[in-house]
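Examination of the molecular architecture
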Protein chains: 2
Amino acid sequence: MLDQVNLDQKLSKAEYKQLCSPLKKQLSVLQQTVKEKRLPMVVVFEGWSAAGKGSLLSDVILTLDPRGFKVYSTVAADSAEARKPLLWRYWIKIPAEGNMSLFDRSWYQDLYIAQTEQEIEDSEWERRVQSINTMERQLSDEGYLIVKFFLHISQEEQRLRFEKLADSKNTSWRVTERDWKRNKQYRRYYKAADLMMERTHTSYAPWHIIPSHDKRFALYRIYSTLIDSIQKALERKERKESPREQLKDTPASVYVPKTFTLLPMPSLQEVPLDAKLSSEEYEAELKKAQKKLKKLHNSLYREEIPVIVAYEGWDAAGKGGNIKRVAAALDPRGYEVVPIAAPSKEELAHHYLWRFWKNLPKTGHVAIFDRTWYGRVMVERIEGFCSQDSWQHAYQEINEFERELCDWGAVIVKFWLQIDQEEQLRRFQDRMNTPEKRWKITDEDWRNREKWDLYEEAVNEMLARTSTDFAPWHIIQSQDKKFARIQALHILIDAIEAKLQAL
Amino acid sequence: MLDQVNLDQKLSKAEYKQLCSPLKKQLSVLQQTVKEKRLPMVVVFEGWSAAGKGSLLSDVILTLDPRGFKVYSTVAADSAEARKPLLWRYWIKIPAEGNMSLFDRSWYQDLYIAQTEQEIEDSEWERRVQSINTMERQLSDEGYLIVKFFLHISQEEQRLRFEKLADSKNTSWRVTERDWKRNKQYRRYYKAADLMMERTHTSYAPWHIIPSHDKRFALYRIYSTLIDSIQKALERKERKESPREQLKDTPASVYVPKTFTLLPMPSLQEVPLDAKLSSEEYEAELKKAQKKLKKLHNSLYREEIPVIVAYEGWDAAGKGGNIKRVAAALDPRGYEVVPIAAPSKEELAHHYLWRFWKNLPKTGHVAIFDRTWYGRVMVERIEGFCSQDSWQHAYQEINEFERELCDWGAVIVKFWLQIDQEEQLRRFQDRMNTPEKRWKITDEDWRNREKWDLYEEAVNEMLARTSTDFAPWHIIQSQDKKFARIQALHILIDAIEAKLQAL
């Protein structure tokens, strides 16, 4: 792609003023529309060192209202970031509706720079391409506008700029040994950047290569592209076109969403509910299992394996008590229970996976989710909190999300705690009649109970469509809480042991 | 303080059950009251290595609803944390109303451990004591309940526990060389811990030393203390007693809030408004000043000096345009404009300084606040968004906050942009009449304008009470925007140069 760029394009001062003054004004006004229409925007600035990313970005943001954007500079991952999945530090920075996140360098550093400097194998490169295309598609699918710039200069131009920087006492520190080395190996980076762009140039997140020898021309191109992209996105929004429509224009050679092998799952009706444990069996087993899990937690920590435990189930199925029995075996410095309630205003203004990305554990830690991202295909589906289009695509997105976590090295264990309607009623009534439990029961619980059939249908579909070999669902018979707790502990222990053995 | 502790206290299994079963239940119920009554709680677990912090904490949180607390483990500061003020990583973790933050090790590590291992001088120790007492007082003043535990074991007991840990293949990695060294130097740590507790044992954040040889007894003490502390805090809340009342019971030998030398400030009425610049002077000066600031930004980065620029002023005084002229000179990778709007629900549920702590720059970076923490003594005072008691104490709190930033090494520059009422009216009307500026003017602006006199009174008091030698106010004549911009640039440049020269 880089070959087709004419680097000689320039603008005189007068031309620049004539062309860009109205564009700047237009962009400034458009930003207000972006806010009003609640369009979230991600803008990526990639390109050669000394291509002028900082200075161009500086000019662009001066046309914008600071209440509507944020600039993120990507440097080497810090020690906290290094303990999260690769895309984590970008995911947590995606903007809310009506806002822009501008990335000065981005996830693409982990791709073409990492490849050229031989930090990753080809297979990992391929995986990252897939991950990145998927992340961008997921954002685009939920209405994010993604604009990617690559600021292009020639080897010679880069060398001249480095020399100029190195010559001044004030800026010489900005040119490092590594920069000079990269300039010498310009062709290798060129090829890598070219290949990267080819494979991530999607219809929903296209690359715009900006000839950057002349700053004025580069700015002109950036302003025009931003305005054009925003206008088109607003038009699509106006037409109420599904953002998913855009994907079909991406050739299969560039990107096809992954398909997943699903494990056969029984329907909830087929699940027996008669398993139980005596108090003695329970106490003995609990002690044994907790001791084992405690030991395993030590190994997880040492091997830096993150564990994600997802709890779903009927109201009053016993999630809280079950979680406590797992948590009791863990060192509080190495686990966290993440209770998922209705999303806050801020969370609602972001991609729905955002709040789960934010709550991922560090390597070596355990995150126990009390309710999860599956809310999308249960409560949000049933209550109409998201569009039909959105929840229907969520199965794919969730499988992709969990695949990403699995590739990162996480153990993923998902529990569905199953009880029947009568048992739920008994437990609701017990909560009503016990003063210290009364806070646990709300009107909403009773309302949800009335929609049992709708939920059952949704849960069956969820189990059928998101039980993968890397993140299988486990249906836990929870009519007897004691049995359920031991069962969950055993499944978790098995999953961790399998992971440790596979190391 | 440690000398008075009887380490031999223990409970039999039966005694424990009898005493603690009701306590656990009570704590669990109390947590719901904490939530209802919106009491925010900070609980600190300090103490000897191997005193059982992890295991005790684990038991405590099992009695709690995970939706209401979070555990934070304090380890060495990571690379991002190291670029913020010392207390930053704790401030950002304070809980919202109705929630608890439990700290497994805390800011006290930076005090007595740092002292014993000779990482800090006595003067720095003294400063940290003052900082910590101040932070805890600020939290307490706004209604936070602070409970601090020190888990105490003897040198011999610690040695035995280390040996036991070291003996098991699974836990031997938990005992490090450093631990053994610390055990050998037990007396030094003992003395340091004792002195630390003596100097931070305040009426509003007292220490509770827990004899921890016997886990059951330790738990009993922790449960009782928590319950007692919560009940008292709820009673104080019920009585509508000002939390500030508590301070008076702290002896002066332990803590007296700092007093500050204030610079004399004119009242707004006395400020002349006739300064102006011609377009030619402005263009020439702007170019020169921006060039200089750009150069200084490089030095700031290299010297790792953080800069905090605070903009306040009348609506339409020209803050936005002024900020742009400063920002235009800065590398976008090294600065951020932080627009301060009305606080979100989450922000309202925290101490009001929380959102400003969260937005502090890294060392070497510039944060430009478009409106600031001074909202407390202006809009919040005038609109009654906080109690009179709160805004009247805010002057002291703000001076303390800025002192903390100054001690961290920050350059702090505060601007008040001054215009008169007629000029504001002209600008409001201009905004109304210019389509692309109309979004800038809201009904609220007109409402605020009607309260000009109240604001003037508040601003005069603010200027008089918060202009310190380390964070002085600069009143900028902004009737002429050009003059104001150049003036702000010059003041900022001078402040940075003074800091660099003082290095």
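Whatever comes next refers back to the structure up there.
Structural notes, computed from the coordinates. Given the structure is predicted, the values throughout are model-derived calculations rather than measurements.

With that out of the way, let us pick up the overall build of chain A. Helix and strand counts for chain A stand at 19 helices and 10 strands. Taken over the C-alpha trace, chain A has a radius of gyration of 26 Å; the compact-globule value for 503 residues is 23 Å, and the two agree within 12%. For chain A, the spread of C-alpha atoms along the principal axes amounts to about 85 × 50 × 40 Å. Taking all contacts inside chain A whose residues are at least 6 apart in sequence as the whole, residues at least 24 apart take part in 84%. Put simply, chain A shows about 22100 Å² of open surface, and 49% of that area lies on carbon and sulfur atoms.

Quick look at the relation of the copies chain A and chain B now. In the superposition of chain A on chain B (RMSD 0.0 Å, axial shift 0.0 Å), the rotation amounts to 180 degrees. Expressed as a symmetry operation, the mapping of one chain copy onto the other fits a two-fold axis. Identified as the residue of chain A closest to the rotation axis by C-alpha distance is Ser79(A), at 3.1 Å. A shared interface surface links the copies, since 100% of the contact residues of chain A are contact residues in chain B too.

To continue, consider the packing of aromatic side chains. In this structure the tally under the stated criterion is 58 aromatic pairs over all chains. Taken together, a centroid distance of 5.5 Å and an interplanar angle of 75 degrees make the contact between Phe162(B) and Trp180(B) edge-to-face. On the criterion of sequence distance, the pair formed by Phe162(B) in helix H6 (residues 155-167) and Trp180(B) in helix H7 (residues 177-184) is long-range, its members being 18 residues apart. Judged by relative accessible area, Phe162(B) falls into the buried class, the value being 2%. Judged by its relative accessible area of 24%, Trp180(B) is partly exposed. Summarising the aromatic geometry, the rings of Phe369(B) and Trp373(B) are spaced 5.0 Å apart at their centres and angled 75 degrees between planes, so their arrangement reads as edge-to-face. Owing to a relative accessible area of 0%, Phe369(B) belongs among the buried residues under this scheme. Given the relative accessible area of 1%, Trp373(B) is considered buried. Across the ring face of Tyr190(A), the terminal group of Arg187(A) is positioned such that the distance to the ring centre comes to 4.3 Å.

Here we come to the interface of chain A and chain B. Taken together, the 45 residues of chain A in the interface contact 45 residues of chain B. At the boundary of chain A with chain B, total buried surface from both sides reaches about 4000 Å², with 56% on carbon and sulfur atoms. Counting the contacts that link chain A with chain B gives 6 salt bridges. For Arg174(B), the salt bridge is made with Asp331(A), and the minimal N-O distance between the two is 3.7 Å. Here chain A is connected to chain B by 7 residue pairs in polar contact (both at pLDDT 80 or more). Looking at the side of chain A that touches chain B, the elements that each hand over two or more residues are helix H1 (13-36), helix H2 (53-62), strand S2 (69-73), helix H10 (279-303), helix H11 (319-327) and strand S7 (335-339) of chain A.

Phi at Gln118(A) takes a positive value of approximately 55 degrees, unusual for a residue other than glycine. Counting through the fold element by element, Gln118(A) comes out in the loop between helix H4 (112-116) and helix H5 (122-141). Judged by its relative accessible area of 67%, Gln118(A) falls in the exposed class. With a phi angle near 60 degrees, Glu304(B) is a residue other than glycine that sits in the positive phi range. Considering the arrangement of structural elements, one finds Glu304(B) in the loop between helix H10 (279-303) and strand S6 (307-313).

With that settled, consider the packing of H5(A) against helix H8 (residues 186-200) of chain A. Residue and element names in this part refer to chain A. Remark: H5 packs on H8, axes separated minimally by 10 Å, with the N-to-C direction vectors making an angle of 45 degrees. Taken as axis vectors, H5 and H8 run oblique relative to one another. In this structure, H5 meets H8 at a crossing whose hand is right-handed. Contacts between H5 and H8 involve Trp125, Glu126, Val129, Ile132, Asn133 and Glu136 from the former and Leu195, Met196, Arg199 and Thr200 from the latter. For the contact of H5 with H8, the residue count by class is 5 nonpolar, 2 polar and 3 charged.

Before going further, it helps to spend a moment on the pattern of salt bridges. Applying the stated criterion across every chain yields a total of 92 salt bridges over all chains. When the shortest N-O distance is used, the salt bridge between Lys215(A) and Asp59(A) registers 3.6 Å. Residue Lys215(A) is found in helix H9 (residues 215-238), and its partner Asp59(A) is found in helix H2; the two are separated by 156 residues along the sequence. With relative accessibility at 37%, the residue Lys215(A) sits in the partly exposed group. A salt bridge links Lys451(B) to Glu383(B); the shortest N-O distance between them is 2.8 Å.

This next bit is on the sheet that holds strand S3 (residues 100-104) of chain A. Residue and element names in this part refer to chain A. Strands sit in the order S2-S3-S1-S4-S5 across an open sheet of 5 strands; the sheet is parallel. Edge positions in the open sheet fall to S2 and strand S5 (207-211), since each of these has one partner strand only. Ignoring strand direction, the axes of neighbouring strands in this sheet form an average angle of 20 degrees. Sheet topology places strand S1 (residues 41-47) next to S3; 5 bridges connect them, and they run parallel. The partner of Val43 across the bridge, within S3, is Leu102.

This part takes up the pairing of S6(B). Residue and element names in this part refer to chain B. Across the 7 residues that make up S6, a large majority, 7, are buried. Residues of S6 alternate between two faces, with Val307, Val309, Tyr311 and Gly313 on one and Ile308, Ala310 and Glu312 on the opposite face, all of them buried. As defined by bridge partners, S6 adjoins strand S8 (residues 366-370) across 5 bridges and the pair is classed as parallel. Looking across to S8, one finds that Val307 is bridged to Val366.

This brings us to the environment of Gln246(B). All names here are of chain B. Topologically, Gln246 is positioned in the loop between helix H9 (215-238) and H10. Classification of Gln246 as buried rests on a relative accessible area of 12%. For Gln246 and Val42, which are 204 residues apart along the polypeptide, the C-alpha to C-alpha distance reads 16 Å. The contact partners of Gln246, leaving out residues within four places of it in the chain, are Ser140, Ser203, Tyr204 and Arg236.

Turning our eyes to something else, we now look at H8(A). Here H8(A) spans 21 Å end to end across 15 residues, near enough to the 21 Å set by a 1.5 Å rise per residue. Within H8(A) the residues assigned to the buried category are Tyr186(A), Tyr189(A), Tyr190(A), Ala192(A), Ala193(A), Asp194(A), Met196(A), Met197(A), Arg199(A) and Thr200(A).

Residues and elements named next belong to chain A. Within the secondary structure layout, Lys414 lies in strand S9 (residues 411-418). A polar atom in the side chain of Lys414 sits 2.7 Å from the backbone oxygen of Thr466. Here the side chain of Lys414 touches Ala471 through a polar contact of 2.7 Å, landing on its backbone oxygen. If we ignore the near neighbours within four places in the chain, the residues touching Lys414 are Ala310, Tyr374, Glu402, Thr466, Ala471, Pro472, Trp473 and His474.

Positive charge collects at one region of the surface, where Lys169(A), Lys291(B), Lys295(B) and Arg302(B) lie side by side. The topology assignment puts Lys169(A) in the loop between helix H6 (155-167) and helix H7 (177-184).

Time to look at the sheet that holds S6(B). Residue and element names in this part refer to chain B. If you walk across this open sheet you meet the 5 strands as S7-S8-S6-S9-S10, and the pairing is parallel. Only two strands of the sheet have a single neighbouring strand rather than two, namely strand S7 (335-339) and strand S10 (473-477). Neighbour to neighbour, the strand axes of the sheet diverge by 20 degrees on average, direction disregarded. Across the sheet, helix H11 (residues 319-327) is in contact with S6, S7, S8 and strand S9 (411-418); its angle to S6 comes to roughly 160 degrees. Where helix H15 (residues 388-408) meets the sheet, its contacts fall on S6 and S9, and the angle it forms with S9 comes to roughly 135 degrees.

Inspection of the secondary structure puts Gly143(A) in the loop between H5 and strand S4 (145-152). Dropping the residues within four chain positions of it, Gly143(A) is found in contact with Leu39(A), Pro40(A) and Pro243(A).

The next point concerns the side chain of Arg236(A). Residues and elements named next belong to chain A. Looking at the element boundaries, Arg236 is found in helix H9. Despite being buried, Arg236 has no salt bridge partner; Glu241 is the closest side chain of opposite charge, sitting 4.6 Å away. In contact with Arg236, other than residues within four places in its own chain, are Leu145, Glu241 and Gln246.

On to helix H2 (residues 53-62) of chain B, then. Note that an α-helix has 3.6 residues per turn; residues three or four places apart therefore point the same way. With respect to burial, H2(B) is a largely interior element, 7 of its 10 residues being buried. Within the sequence span of H2(B), burial applies to Lys53(B), Gly54(B), Leu56(B), Leu57(B), Ser58(B), Val60(B) and Ile61(B). Check the buried side of H2(B) and you find it contacts S7 of chain A together with strand S1 (41-47), strand S2 (69-73), strand S3 (100-104), strand S4 (145-152) and H9 of chain B.

Reading the values: the criteria
- Residues numbered from 1 in each chain as written.
- Chains lettered and ligands numbered in written order.
- Predicted model: local features only at pLDDT ≥ 70, side-chain atom pairs only at ≥ 80, totals over all residues.
- Heavy atoms only, no water.
- Helix = DSSP H or I, 4+ residues; strand = E, 2+ residues; numbered from the N terminus.
- Rg over C-alpha atoms; globule rule 2.2 N^0.38 Å.
- Contact = heavy atoms within 4.5 Å.
- Areas by Shrake-Rupley, 256 points an atom, 1.4 Å probe, with all protein chains shown as cover.
- Least-squares fit on C-alpha atoms with pLDDT ≥ 70 in both.
- Phe/Tyr/Trp six-rings, centres within 6.5 Å; stacked < 30°, edge-to-face > 60°.
- Buried < 20%, exposed > 50% of the residue type's maximum accessible area, 1.4 Å probe, protein only.
- Lys NZ or Arg CZ within 6 Å of the ring centre and 35° of its normal.
- Buried area = accessible area lost by both parts, 1.4 Å probe.
- Salt bridge = Lys/Arg side-chain N within 4 Å of Asp/Glu carboxyl O.
- Polar contact = N/O pair within 3.5 Å; in protein donor to acceptor, adjacent residues only side chain to side chain.
- Axes fitted to C-alpha atoms, helices over the stretch in contact; angles between N-to-C directions.
- Parallel < 35°, antiparallel > 145°, perpendicular 65-115°, else oblique.
- Left-handed = near helix turned anticlockwise from the far one by under 90°.
- Nonpolar A, V, L, I, M, F, W, Y, C, P; charged D, E, K, R; others polar.
- Pairing = 2+ DSSP bridges.
- Expected span 1.5 Å × (residues − 1).
- Patch = residues over 30% accessible without salt bridge, like charges linked within 9 Å, V, L, I, M, F, W, Y side chains within 5 Å.
- Lys, Arg positive; Asp, Glu negative; His and termini not counted.
- Charge placed at Lys NZ, Arg CZ, Asp CG, Glu CD.

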